[in-house]
Amino acid sequence: FPLENIRETKGIGLTGNDLDGNRYEAGSYSIAKNLTSDSSHNVYLLKNGQLIATVDLEDDIKPEAEAVIAHLKKQGIKTILLSGDRLEKCQQVAEKLGIDEVYAQRLPEEKLNLIETFNKQAPTAMVGDGINDAPALAKATIGISLSNASQIAIQSAQVILLNGDLNHLVKAFQTSKHTFLTIKQNLFWAFFYNTLAIPVAAIGLLNPMIAALSMAFSDVIVIGNSIRLKTKKIF
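Described below are features of the structure shown in this document. (Residues numbered from 1 in each chain as written. Predicted model: local features only at pLDDT ≥ 70, side-chain atom pairs only at ≥ 80, totals over all residues. Heavy atoms only, no water.)

1. Looking at the pairing of strand β3 (residues 23-27)
Logical step 1: Across five bridges, the pairing between strand β2 (residues 13-17) and β3 is antiparallel. Within β3, the residue paired with Gly 16 across the bridge is Tyr 24.
Logical step 2: What sits between the antiparallel neighbours β2 and β3 is a turn of five residues, in which Gly 21 has the positive phi angle 90 degrees.
Logical step 3: Note: β3 against strand β4 (residues 43-47), four bridges, orientation antiparallel. By the bridge assignment, Tyr 24 is partnered in β4 with Lys 47. (Pairing = 2+ DSSP bridges. Helix = DSSP H or I, 4+ residues; strand = E, 2+ residues; numbered from the N terminus.)

2. Notes on unusual backbone geometry
Logical step 1: The phi angle at Asn 5 is positive, at roughly 55 degrees, despite the residue not being glycine.
Logical step 2: Along the chain, the position of Asn 5 falls in strand β1 (residues 4-9).
Logical step 3: Backbone geometry at Gln 105 places phi at a positive 55 degrees, although glycine is not the residue there.
Logical step 4: Along the chain, Gln 105 falls in the loop between β7 (101-103) and α3 (108-121).

3. Description of the sheet that holds strand β9 (residues 142-146)
Logical step 1: Spatially, the three strands line up as an open sheet ordered β8-β9-β10, and their pairing is parallel. One side of each edge strand has no neighbouring strand; the edge strands of this open sheet are β8 (125-127) and β10 (159-161). Neighbour to neighbour, the strand axes of the sheet diverge by 20 degrees on average, direction disregarded.
Logical step 2: As defined by bridge partners, β8 adjoins β9 across three bridges and the pair is classed as parallel. Residue pairing in the sheet places Ala 125 in a bridge with Ile 142 of β9. (Axes fitted to C-alpha atoms, helices over the stretch in contact; angles between N-to-C directions.)

Right, dumping it as structure tokens:
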């Protein structure tokens, strides 16, 4: 049936009125906690302040999620589940996937505050795809979203995983790791070369033509080392 005056309270739920003036609310347990002690359901539906229905939902866990989490943990990365869902559901998912810590039933502003805390402890990457994840994605050291996520989540992230495939998360991590290593190698060779060649040139023992050719050769070394990234085995 048609509703009007529909409003969203982020992280809580939706409200709206039907044509007869009845007020409907659909949302998390927080809207029904004064009406029932049963917090096991996903969605609660209220009519004029009275509980009339509950809805149970079950998320499909991506088949590659467990392997991705295991790989990240092998790399020494601490894994955290930060969600607005109820605690029992989050704990079940975390146990199945081997996630280290769980923060459940968090509103968008609470997610943002937690990400700020994590950032102070260590560089933090967050993977999210929902509207409520957007502020935290923007605040994280690296915000990562999926190509099939909400538009606001995509706009708030710095990295987008194509086709919604979490395996790309491992690839992105490995690519960034090898890229950073290559940058350090290039800096080492550049400093080493200049530290060795500049004193020789300063005392006049290096012909300008040879110096120019040697400088070009150092650039070739750096470029060649960078091109290795295209052929380097990521996994």
